[in-house]
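So you can see what is in the structure, the chains are spelled out below.
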Amino acid sequence: LRDGGLEGEHAPALTIKDSKPFGFDVFNYVLTQLSNYILAGKSQSRGLVVVAYSRSPSFYVDLLKRGIDIASIHILDCYTDPLGWKNWLQDVRNLDKLYSLIIEQGKGLIGQGKDRFSIAIDSVSEMVRHASISSVAGILSNLRSHDQVSSIFWLLHSDLHEIKFTSVLEYLSSMVASVEPENLSMLEQNFRKGKFHVRFKRRNGRIRVMCEEILVELAGIKFINQRLLPKVQFNLQLSEEERNERAKVVLPFEHQGNGKPIQIYDGRRSLGEGKGQIIYFRDSDDEMPDSDEDPDDDLDI
């Protein structure tokens, strides 16, 4: 999200999906981190448009005021009057108008040049309450393809939707982050600790999957290892029983002679009476004869 996209490509898009309250904490974390990069001039984007569906604009002002330059951010209020009862221009059911407002606010931050801006939508789940799946997917795709959009990310409560809608959003995304709480049981529910899984789609078509443990504190999200670790699908450690079983396996090169000298038939000589041997005849005199020297004779197997 920080690095943005290349000219002629769709902007990077991140879906943050959850089935528990962790998702909004992760969304706030990504939002504050990206806004700090923009403020420090370390991001491709020069502005940020926050589309507020599930929280009031004042919430984001309080969240970001600790460092963000107010001139580089605009909060589009879809929370206070979502159906346009007071202001018909803010009717969230009209996605064409919403698209125009987002682009208009973004250009107002960066101007008409080649600079770009980022977009954060705090709840796609709220969007689909008022519009069809195809129209929501359409506006997200159009925002990604706009040449002045640097990156875009949104929050999705996956347990509220059918799999087909979640799959559509994942298809539109270049990154998908899943948030899973740990220790969810009927007797004990620990919502403070969870797993953060991320899937990246690279430009070469390859997929990279990462995993990190997170803690949700009053101050926000904390990554336990301070870095994303590759998610492996196998255990690198062996149990005592597995080590014992592995030691019993006889490998092909371990010839068991029960203490007696071991003779390995090499196909060129007889090992004794009743044993056969292979005699090779050259097809022509031009063929080079085989050497009687074993090239691997010095190996101690």
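Here, every reference points to the structure presented above.
If you're wondering where the values come from, they're calculated on a predicted model, not measured in any experiment.

**Regarding the overall build of the chain**
Part 1 of the argument: Of the regular secondary structure elements, the chain holds seven helices and ten strands.
Part 2 of the argument: When the 301 residues of the chain are sorted by exposure, 37% land in the buried category.

**Considering the packing of helix α1 (residues 22-39) against helix α2 (residues 57-64)**
Part 1 of the argument: One way to put it is that α1 packs onto α2 with a least axis distance of 10 Å and a crossing angle of 55°. By the angle between their axes, α1 is oblique relative to α2. Crossing geometry of α1 relative to α2 is assigned as right-handed. Counted together, Phe24, Phe27, Asn28, Leu31, Thr32 and Ser35 of α1 and Phe59, Tyr60, Leu63 and Leu64 of α2 form the full contact between these two elements.
Part 2 of the argument: Classifying every residue of the contact of α1 with α2 by side-chain character gives seven nonpolar, three polar and no charged.

**Side note on the packing of aromatic side chains**
Part 1 of the argument: Scanning all chains against the criterion turns up four aromatic pairs.
Part 2 of the argument: Ring centres of Phe24 and Phe59 lie 5.8 Å apart, and the angle between their planes is 40°; this geometry places the pair in the tilted category. Of this pair, Phe24 sits in helix α1 while Phe59 sits in helix α2, and the two are 35 residues apart along the sequence.
Part 3 of the argument: These aromatic residues form a ring-pair network of at least three members: Phe24, Phe27, Phe59, Tyr60 and Phe153.
Part 4 of the argument: Sitting above the plane of the Phe24 ring, Arg55 keeps its charged end 3.8 Å from the centroid.
Part 5 of the argument: In this structure, Arg55 is placed above the aromatic ring of Phe59, and the distance from its NZ or CZ to the ring centre is 5.9 Å.

**Structural notes on the pairing of strand β4 (residues 116-121)**
Part 1 of the argument: Of all the six residues making up β4, six are buried; the element is thus mostly covered by neighbouring parts of the structure.
Part 2 of the argument: In the sheet, strand β2 (residues 45-52) pairs with β4 via five bridges, with the strands oriented parallel. The residue bridging Leu48 from the neighbouring strand is Ser118, located in β4.

**Some remarks on the nonpolar core**
General note: in soluble globular proteins, nonpolar side chains tend to be found buried as a group.
Part 1 of the argument: Within the largest apolar cluster, 33 residues are counted, with the highest numbers of intra-cluster contacts made by Leu98, Ile119, Ile121, Met127, Val136 and Leu140.
Part 2 of the argument: Counting only elements with at least two residues in this core, the list comes to β2, α3 (95-110), β4, α4 (124-130), α5 (133-145), β5 (149-157) and α6 (163-172).
Part 3 of the argument: Ranked by the residues each element gives to this core, the list is headed by α3, at six residues.
Part 4 of the argument: Ignoring anything within four residues of it in the chain, the contact list for Ile119 reads Leu48, Val49, Val51, Ile102, Leu143, Val149, Ser151, Ile152 and Phe153.
Part 5 of the argument: With 31 residues, the next largest nonpolar core counts Phe27, Leu64, Val179 and Ile214 among its residues.

**Considering the side chain of His146**
Part 1 of the argument: Relative to the assigned elements, His146 resides in the loop between α5 and β5.
Part 2 of the argument: When neighbours within four sequence positions are excluded, His146 is seen to be in contact with Tyr99, Ile103 and Lys107.

**Observations concerning the pattern of salt bridges**
A pair can form between side chains of opposite charge whenever their charged atoms are brought close.
Part 1 of the argument: All told, the structure shown has seven salt bridges when counted by the stated rule.
Part 2 of the argument: Note that Lys17 and Glu170 form a salt bridge whose closest N and O atoms lie 2.5 Å from each other. Within this pair, whereas Lys17 is found in strand β1 (residues 13-18), its partner Glu170 is found in helix α6, the two being separated by 153 residues in sequence. Both residues of the pair, Lys17 and Glu170, belong to the buried class.

**Some words on α2**
Part 1 of the argument: Among the residues of α2, those classed as buried are Pro57, Tyr60, Leu63 and Leu64. Looking straight down α2, one finds its buried side chains confined to an arc of 120°; they lie on one side.
Part 2 of the argument: Those residues of α2 that are buried are in contact with α1, β2 and β3 (73-77).

**So, the environment of Tyr29**
Part 1 of the argument: Looking at the element boundaries, Tyr29 is found in helix α1.
Part 2 of the argument: The class of Tyr29 is partly exposed, set by a relative accessible area of 27%.
Part 3 of the argument: When near neighbours in sequence (up to four residues on either side) are disregarded, Tyr29 contacts Ile221 and Phe223.

What counts as what
Residues numbered from 1 in each chain as written. Predicted model: local features only at pLDDT ≥ 70, side-chain atom pairs only at ≥ 80, totals over all residues. Heavy atoms only, no water. Helix = DSSP H or I, 4+ residues; strand = E, 2+ residues; numbered from the N terminus. Buried < 20%, exposed > 50% of the residue type's maximum accessible area, 1.4 Å probe, protein only. Axes fitted to C-alpha atoms, helices over the stretch in contact; angles between N-to-C directions. Parallel < 35°, antiparallel > 145°, perpendicular 65-115°, else oblique. Left-handed = near helix turned anticlockwise from the far one by under 90°. Contact = heavy atoms within 4.5 Å. Nonpolar A, V, L, I, M, F, W, Y, C, P; charged D, E, K, R; others polar. Phe/Tyr/Trp six-rings, centres within 6.5 Å; stacked < 30°, edge-to-face > 60°. Lys NZ or Arg CZ within 6 Å of the ring centre and 35° of its normal. Pairing = 2+ DSSP bridges. Core = buried A, V, L, I, M, F, W, Y, C linked by side-chain atoms within 4.5 Å. Salt bridge = Lys/Arg side-chain N within 4 Å of Asp/Glu carboxyl O. Arc of directions from axis to C-beta.

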